[in-house]
Amino acid sequence: KPGPSSEKQVPMVGSAIMSRPEDRPTGVDAPSTSPGPTPPGPTPPGRRFYLGLGAITLIALIWRVGYVIHERGRIVLNGDAAYYHWQSNLIAKGMGFIDPTRYELFGMKTPSAGHPPAYILYLAAVSKFIGTSQLTHRLASTWLGAGAVFMVGIRPRGLFGNEHGGSVARLLAR
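Since this is a predicted model, take the numbers as computed values, not measurements.

Student: It is not clear to me how the packing of helix α1 (residues 47–70) against helix α5 (residues 134–160) should be interpreted in this structure. Could you clarify?
Tutor: Relative orientation and spacing of two packed helices are given, respectively, by the angle between their axes and the distance between those axes. Look at α1 against α5: their axes get within 9 Å of each other, and the N-to-C directions meet at 155°. Taken together, α1 and α5 sit at an angle that is classed as roughly antiparallel. The way α1 lies across α5 gives a crossing that is right-handed. Listed contacts from α5 to F49, Y50, L53, I56, T57, A60, L61, R64, V65, V68 and I69 of α1 are L135, R138, L139, T142, W143, G145, A146, V149, F150, G153, I154 and R157. Looking at side-chain class alone, the contact of α1 with α5 contains 16 nonpolar, four polar and three charged residues.

What follows is the structure in structure tokens.
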């Protein structure tokens, strides 16, 4: 019966190399678990990148706030903007998700699920704790826009590198 103590050493091939270490002939090591050199992982977050992205985000916020203040009173509240504004104020007053158009125009309290609730609930919190005006809601929305610039700037960096994350953020900031 041939084995590790046999006089004649037969070279091992295939799965025999994966056998127990004590069964291996001397000089034969187990194969490496990785098929080749491991590619480098994504670069760790750099301080310089985040400072640049923070600056782009701040510029985007300033631009948005400046636009909202400059156009105050010139932009008519209609369509979805009116719906979000009115419904968030109604929720802040404790009236729930009712159709704000029917309520504002006809005084009817009709249940509504016409729009997704997350943004409406955000504006309702703003209405409850900060203010209920159109200007307040528009200024609160500028923060979400600036946050979107930041988040969209981070994602391409993870996929393509530092330059692309900053480029996309600069493009979105406009």
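There is more to say after this.
Student: What's the story with the environment of T136 in this structure? I'm lost.
Tutor: Take T136: it is sitting in helix α5. Taking the C-alpha atoms as reference points, T136 and L123, separated by 13 residues in sequence, lie 9.2 Å from one another. Not counting residues up to four positions away in its chain, the partners in contact with T136 are V126, I130 and G131.

Cut-off values and rules
- Residues numbered from 1 in each chain as written.
- Predicted model: local features only at pLDDT ≥ 70, side-chain atom pairs only at ≥ 80, totals over all residues.
- Heavy atoms only, no water.
- Axes fitted to C-alpha atoms, helices over the stretch in contact; angles between N-to-C directions.
- Helix = DSSP H or I, 4+ residues; strand = E, 2+ residues; numbered from the N terminus.
- Parallel < 35°, antiparallel > 145°, perpendicular 65-115°, else oblique.
- Left-handed = near helix turned anticlockwise from the far one by under 90°.
- Contact = heavy atoms within 4.5 Å.
- Nonpolar A, V, L, I, M, F, W, Y, C, P; charged D, E, K, R; others polar.

Scope: geometric values only; no functional claims are made or implied.
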